[in-house]
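Residue-level structure breakdown
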Amino acid sequence: MNDLSMHVLDIVQNSITAGANLIGIEVIEKIMENTLTICISDNGKGMSPEQLIQVTNPYFTTRTTRKVGLGVPLFKQNAEMSGGSFNIESNMEKGTIVTAVFGYNHLDRPPLGDMANVVVLLVSSNPALDFIYTHRYNEKTYIFDTREVKEVLIPIPVNEPRIIRMLTEMILENCKDMKEGKSN
Amino acid sequence: MDKIKSLDDLRKMKQAVQSQLNLRERGENSENYVQIKVAMATCGIAAGAREVMNAFLRKIEDDKILAIVTQTGCMGYCHSEPTVEVKKPGEEPIIFGHVDAKKADSIVDKYIKNGELLEGIIPVNYQTIV
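Please read these numbers as outputs of a predicted model, since none were measured by experiment. (Residues numbered from 1 in each chain as written. Chains lettered and ligands numbered in written order. Predicted model: local features only at pLDDT ≥ 70, side-chain atom pairs only at ≥ 80, totals over all residues. Heavy atoms only, no water.)

**A few points about the overall build of chain B**
For chain B, the helix and strand inventory stands at four helices and five strands. Starting at the N terminus and ending at the C terminus, chain B contains elements arranged as α-β-α-α-β-β-β-α-β. A total of 130 residues make up chain B; the buried ones form 45% of that total. The contacts in chain B between residues at least 6 apart in sequence include a share of 60% that link residues at least 24 apart. For chain B, the accessible surface area stands at approximately 7000 Å², while carbon and sulfur atoms represent 47% of it. (Helix = DSSP H or I, 4+ residues; strand = E, 2+ residues; numbered from the N terminus. Buried < 20%, exposed > 50% of the residue type's maximum accessible area, 1.4 Å probe, protein only. Contact = heavy atoms within 4.5 Å. Areas by Shrake-Rupley, 256 points an atom, 1.4 Å probe, with all protein chains shown as cover.)

Okay, structure coming up:
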């Protein structure tokens, strides 16, 4: 995994497999506190306490096509290597919340990467599911909610190539403005 | 043109996209579409599946191919990632291995447009050793 956005792309697949139809992706950059937090929450079927204990074990996977599952362990390793922490909460009825905290300035923290691209790829690949992408930068917040976006776009599907490009631009521009202190 | 930033901007752009879509006689049923599924589990992503997916999206937009690009999980071909399954309407799906952005373009140009087969196809009877 070259950057954190790749981990997000990977971890969200677990939410999709768990049957979630609403997935939250939150990136919180707090420069003063020297933390970068990534939180992925879903309303999928959740995990049992037994599964939850096993989930960071690379030799645990629910799939049958292969015997290893590296997604969660790699994400955890990267968080811990940058002086951060990793936590998963899960409830069989409510869903799962994965939280990874990274040391913002730590040398071993991978760059955030292209989050706009990752969010839009997820949205366009899973048009039936809804995503809420929240990006916080210090005190500012940008929220991209597919429920609003889809309503605006009716009847055009979110996986139409031109729409995909527009949505990427929309997220990129808003996050750029937020970081440069222009709005929000 | 100004950059799209708000939902209002999106609303304004919608009409332009919509009128072009009608020209393409977009059918309601997805059976007329080429289905492109990029394997995006940990193995695929680490091998560069995201760039492959972006390349397919760019290519089908540029060449106006009636196709839907989606993600799929790991099919057990971790050794050949990034893998892509392409299903043309009315045909059996074909899985391509070791795909990169350049190969994504040739899959569209050669296989999707002309039905030519390319190197790197994973045979359907291939079985992973578990």
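And the narrative resumes.
**Thoughts on the packing of helix α4 (residues 115-125) of chain A against helix α6 (residues 161-180) of chain A**
Residue and element names in this part refer to chain A. Two elements in contact, α4 and α6, have axes whose closest approach is 9 Å; the angle formed by their N-to-C orientations is 145 degrees. Crossing geometry of α4 relative to α6 is assigned as right-handed. Contacts from A116, N117, V119, V120 and S124 in α4 reach I164, L167, T168, I171 and L172 in α6. Residue composition of the contact of α4 with α6, by class: seven nonpolar, three polar and no charged. (Axes fitted to C-alpha atoms, helices over the stretch in contact; angles between N-to-C directions. Left-handed = near helix turned anticlockwise from the far one by under 90°. Nonpolar A, V, L, I, M, F, W, Y, C, P; charged D, E, K, R; others polar.)

**Some remarks on the interface of chain A and chain B**
On the side of chain B, 39 residues touch chain A, which itself brings 44 residues to the contact. Across the chain A to chain B interface the summed buried area is about 3700 Å²; carbon plus sulfur atoms make up 60%. Inspection of the region where chain A meets chain B yields three salt bridges. In this assembly, chain A and chain B are joined by 13 residue pairs in polar contact (both at pLDDT 80 or more). No other element matches α6 of chain A, which puts twelve residues into the side of chain A that touches chain B. Tallied by class, the residues present in the side of chain A that touches chain B amount to 21 nonpolar, ten polar and 13 charged. (Buried area = accessible area lost by both parts, 1.4 Å probe. Salt bridge = Lys/Arg side-chain N within 4 Å of Asp/Glu carboxyl O. Polar contact = N/O pair within 3.5 Å; in protein donor to acceptor, adjacent residues only side chain to side chain.)

**Description of the side chain of S125 of chain A**
You can see S125 of chain A is positioned in helix α4. Residue classification places S125 of chain A among the buried residues on the basis of a relative accessible area of 7%. Polar side-chain contacts of S125 of chain A include one of 3.5 Å to the side chain of Q71 of chain B. Look past the residues within four positions of S125 of chain A in its chain and what remains in contact with it is M53, V69, T70 and Q71 of chain B.

**Here we look at the sheet that holds strand β3 (residues 85-91) of chain A**
Residue and element names in this part refer to chain A. The mixed open sheet is built from six strands, whose spatial order is β3-β4-β2-β1-β5-β6. One side of each edge strand has no neighbouring strand; the edge strands of this open sheet are β3 and β6 (140-145). Strand-to-strand twist of the sheet, defined as the mean angle between neighbouring strand axes without regard to direction, takes the value 10 degrees. Both strand β2 (residues 35-42) and strand β4 (residues 95-103) contribute to a ladder of eight bridges, which runs antiparallel. The residue of β4 that forms the bridge with I38 is A100. (Pairing = 2+ DSSP bridges.)

**Observations regarding the packing of α4 of chain A against helix α3 (residues 49-62) of chain B**
The interhelical angle for the contact between α4 of chain A and α3 of chain B, taken along N-to-C directions, is 65 degrees, at an axis separation of 11 Å. The handedness of the crossing between α4 of chain A and α3 of chain B comes out as left-handed. For the pair α4 of chain A and α3 of chain B, the contacting residues are N117, V118, L121, S124 and S125 of chain A in the first and R50, M53, N54 and L57 of chain B in the second. For the contact of α4 of chain A with α3 of chain B, the class distribution of residues is four nonpolar, four polar and one charged.

**What about unusual backbone geometry?**
Cis geometry marks the peptide bond from I154 of chain A to P155 of chain A; its omega dihedral reads 5 degrees. Along the chain, P155 of chain A turns up in the loop between α5 (146-153) and α6. Cis rather than trans, the peptide bond between E81 of chain B and P82 of chain B has omega equal to -10 degrees. Its place among the elements puts P82 of chain B in the loop between β2 (67-72) and β3 (84-87). Its identity as a non-glycine residue notwithstanding, N138 of chain A has a phi of 50 degrees, on the positive side.

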